[in-house]
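# Breakdown of the fold
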Amino acid sequence: MTARSEITNHLREHIIGALHVGQLSAGDRLPSIREVAQQLGKNARTIKAAYDQLEAEGLVEVRGRSGVFIAPQEV
């Protein structure tokens, strides 16, 4: 497993877990790419790629310079 897929899985599990317990909901802003990169000690490009993958899966919305947000979820 590549570092990028490990980070993507880590972020996915964290977000899904937080959604299930009500810590996050649709429209909530997530930490910036730079913040996550610093927290995890990873390259910002790796975090950007992970967020892009999560966006492709419909879990988050990347809104240009506004940030990364939890996407509306289907019930």
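None of the values given here were measured: they were computed from a predicted structure. Each chain has its residues counted from 1, following the order in which its sequence is written. A pLDDT threshold of at least 70 governs which residues receive local features in this predicted model, and a stricter bar of 80 or more applies before side-chain atom pairs are shown or counted, although totals over entire chains, interfaces and linings include all residues. Calculation of side-chain values draws on the structure's entire complement of heavy atoms; hydrogens and water are dropped beforehand.

### As for the packing of aromatic side chains
Threshold: Note on aromatic pairs: the rings of Phe, Tyr and Trp (six-membered ring only in Trp) are paired at centre separations within 6.5 Å, and the planes decide the class, stacked below 30 degrees, edge-to-face beyond 60, tilted for the rest. For a lysine, the NZ atom is tested; for an arginine, the CZ atom; a charge sits over a ring if that atom is within 6 Å of the ring centre and within 35 degrees of the ring normal.
Scanning the entire structure with this criterion turns up zero aromatic pairs. We note Arg 63 situated over the ring of Phe 69; from NZ or CZ to the ring centre the distance is 4.0 Å.

### A short note on helix H1 (residues 3–20)
Condition: In this text, helices come from DSSP runs of H or I with a minimum length of four residues, and strands from runs of E with a minimum of two, each type numbered from the N-terminal end. What a helix should span is 1.5 Å times the count of its residues minus one.
Its 18 residues place the ends of H1 26 Å apart at the C-alpha level, agreeing with the 26 Å of an ideal helix rising 1.5 Å per residue. Gly 22 sits one or two positions beyond H1 and adopts a positive phi of about 85 degrees.

### What about the packing of H1 against helix H3 (residues 44–56)?
Convention followed: Think of each axis as a best-fit line through the C-alpha atoms, taken over the contacting stretch in the case of a helix, with angles from 0 to 180 degrees between the N-to-C directions. Angular relationships are summarised with four words: roughly parallel below 35 degrees, roughly antiparallel beyond 145, roughly perpendicular across 65 to 115, and oblique for the angles in between. Left-handed describes a crossing whose near helix is turned anticlockwise from the far helix through less than a right angle; right-handed describes the clockwise counterpart. Contact between two residues is taken to exist if any of their heavy atoms lie within 4.5 Å; hydrogens are not considered. Residue polarity is assigned by list, with Asp, Glu, Lys and Arg as charged and Ala, Val, Leu, Ile, Met, Phe, Trp, Tyr, Cys and Pro as nonpolar; anything else, Gly included, falls into the polar class.
Relative orientation of the contacting elements H1 and H3 amounts to 55 degrees, with a least axis distance of 9 Å. Between H1 and H3, the interaxial angle falls into the category oblique. Where H1 crosses over H3, the two elements pack in a sense that is right-handed. Residues Ala 3, Arg 4, Ile 7, Thr 8, Leu 11, Arg 12 and Ile 15 of H1 form the contact with H3, whose own contacting residues are Thr 46, Ile 47, Ala 49, Ala 50, Tyr 51, Gln 53 and Leu 54. Among the residues making up the contact of H1 with H3, the classes are represented as nine nonpolar, three polar and two charged.

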